[in-house]
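So the chains spell out like this:
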Amino acid sequence: MKIYFHGATGGVTGSAYHVTTKHASVLVDCGLFQGSKEERAKNRHRAKLEGGRLDAVVLTHAHLDHVGRLPLLTKHGYQGPIYATQATIDVATLILRDAFYLQQADLERENRKRARSGLAPLEPLYEEKDVRGLRPLVRAVAYDQIIKVAPGIHARLVDAGHVIGSASVELTVEEDGRKKVIIFSGDLGARGAPLLNDPVPFERADAVIMESTYGDRNHRSLRETAIEARHIVEKAIEARAKILVPVFAVGRTQLLLYLLAAAFRNKTLPRFPIYVDSPLAIEATKVYGRHNELFDEEAQAMVKSGELRRQLQSVRFCQTADESRELNNKKGPCMIMAGNGMCTGGRIVHHLRHNLYRPETAILIVGFQSPGTLGRQLVDGKKSVTILGEECVVRASIHTMGGLSAHAGQDDLLNWFAVVAPSRPRAIITHGENPARKALSGCIRSRYGLRPECPNLGDVIEI
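Only a predicted model underlies this, so the values are computations on that prediction, with no experimental measurement involved. (Residues numbered from 1 in each chain as written. Predicted model: local features only at pLDDT ≥ 70, side-chain atom pairs only at ≥ 80, totals over all residues. Heavy atoms only, no water.)

Caption draft 1: Here's a closer look at the overall build of the protein. Along its length, the protein carries 15 helices and 21 strands. For the protein, whose C-alpha radius of gyration is 22 Å, the value lies close to the compact-globule estimate of 23 Å for 463 residues. Counting only C-alpha atoms and orienting by the principal axes, one finds that the protein spans roughly 70 × 55 × 40 Å. With 463 residues in all, the protein has 56% of them scored as buried. Restricting the contact set of the protein to residue pairs at least 6 apart, pairs at least 24 apart contribute 75%. Total accessible area computed for the protein in this model is approximately 20200 Å², and 50% of it derives from carbon and sulfur atoms. Mean positive and mean negative side-chain charge positions of the protein (62 and 51 charges, respectively) differ by 3 Å. (Helix = DSSP H or I, 4+ residues; strand = E, 2+ residues; numbered from the N terminus. Rg over C-alpha atoms; globule rule 2.2 N^0.38 Å. Buried < 20%, exposed > 50% of the residue type's maximum accessible area, 1.4 Å probe, protein only. Contact = heavy atoms within 4.5 Å. Areas by Shrake-Rupley, 256 points an atom, 1.4 Å probe, with all protein chains shown as cover. Lys, Arg positive; Asp, Glu negative; His and termini not counted. Charge placed at Lys NZ, Arg CZ, Asp CG, Glu CD.)

Next up, the structure:
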């Protein structure tokens, strides 16, 4: 058996792991590269699928960096099954449709620049029909259901606690009379985080392909983060200022709404206007509502009692561009949640352009910011940034809310791995920048006496 690494090696985007045997070929995730121009260019380099054959795709969750290259498969003729939880299918349908329209807009803008420079236009990465072609291929899988996905390969998905429907994947592979178990962690959530259940660990494996987004550090506790956030909000209310929150449409938006509802219920914050300015986040929130059976017990209780809906009466959803533009004229205090989460596009960019120069504005960063993104520049403390070709001075206060991350910190990653460690698996560390991968590898080496591997893009590992 061989595993080919087609992304998320030395970075956190482009997850795609290709498992092949003599008789089968399975792809785990097929994500888009995001971030810098150099990273995005990798999406145009067609990943080689060994032997030109693919029996099945298995998805860990619906974020674009895990599903964004799926339309390239249908573009090149793939007609096999795509296995995922129903919640992942529902969210991925939204995300891929949204990504297509964003791609169109970005391509038009890029080709105008190329035309002014005398360069030939770029072709679209894929067409709308390639996105539509995915729909007949999806197959819903329940947690803990064992399914045959290819000759000699069975899959089992368990809750990863990252976003709604997220999963870690266990592949049991039989070849030449031998059976081996390969685990793909997917993106792991933090233990004890509100709204969703904790990640489910595994007890035995021959190899673990493990994420390391925060492999070099822990987050602040949720309690400390909540106290800091409360102070920021209180200050903004007093100053009648705006609070801008770049959000990932799936995960952070819904968690923030849940936490705000709890704060209003407990009267630790007064109710104030909140605007969700992201059509994708609005639709994703509906998916969360349809799949509230995946919530943890406390969140389910709030839903069943009607408390969640009652406490969020001050929330307004902005579907149209006109509604979004109207927010420029709204006076504070208010909170505006807008995509995208790394500030590389979407409505948040316009809100930042209109408000970064105001010293009373507060920016809450609630998710990971990849190198090269506008969000990362703000986190790194740049005093001036370029937005839509315009130089913008940064006078707003920037606050990183690490305790709200959807990713496990170093201790939670190690605690998840500790359950499978006694079976002495090969530890293969991916989905992290190299300092994070090296730090997590060092911890695993010192604690468990294993020698973790950190593959590079295009590497092949034989199991």
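So much for the structure itself; the text now carries on.
Caption draft 2: Quick peek at the pairing of strand 2 (residues 17–20). Side chains of strand 2 alternate between two faces, with Tyr17 and Val19 and His18 and Thr20 buried alike. Two elements, strand 2 and strand 3 (residues 25–28), share 4 bridges in a ladder whose sense is antiparallel. Bridge pairing in strand 3 places tyrosine 17 opposite valine 28. In this antiparallel pair of consecutive strands, strand 2 and strand 3, the connection spans 4 residues. (Pairing = 2+ DSSP bridges.)

Caption draft 3: Quick peek at the layout of surface pockets. Space inside the second largest pocket adds up to approximately 560 Å³. Thr285, Gly289, Leu308, Arg309 and Leu312 are, among the 17 residues lining the second largest pocket, the residues nearest its centre. Those elements giving two or more residues to the lining of the second largest pocket turn out to be helix 7 (252–265), helix 8 (279–290), helix 10 (307–311) and strand 14 (315–317). A total of 4 residues in the lining of the second largest pocket trace back to one element, the largest contributor, which is helix 8. (1 Å grid on protein atoms, 1.4 Å probe; cavity = no way out; pocket = protein on both sides within 12 Å on 5 of 7 lines; lining within 4 Å. Points joined across faces, edges and corners; volume = space filled by probe spheres on them.)

Caption draft 4: Geometry of the packing of aromatic side chains. The final tally for this structure, using the stated rule, is 9 aromatic pairs. Chaining the aromatic ring pairs together yields one cluster made of Phe5, Tyr17 and Phe184. (Phe/Tyr/Trp six-rings, centres within 6.5 Å; stacked < 30°, edge-to-face > 60°.)

Caption draft 5: Just the packing of helix 4 (residues 86–116) against helix 8, in detail. Direction vectors running N to C along helix 4 and helix 8 enclose 170 degrees, while the axes themselves pass 10 Å from each other. Judged by the inter-axis angle, helix 4 sits roughly antiparallel to helix 8. Counted together, Ala87, Asp90, Val91, Leu94, Ile95 and Asp98 of helix 4 and Leu280, Glu283, Ala284, Val287 and Arg290 of helix 8 form the full contact between these two elements. Within the contact of helix 4 with helix 8, the residues separate by chemical class into 7 nonpolar, no polar and 4 charged. (Axes fitted to C-alpha atoms, helices over the stretch in contact; angles between N-to-C directions. Parallel < 35°, antiparallel > 145°, perpendicular 65-115°, else oblique. Nonpolar A, V, L, I, M, F, W, Y, C, P; charged D, E, K, R; others polar.)

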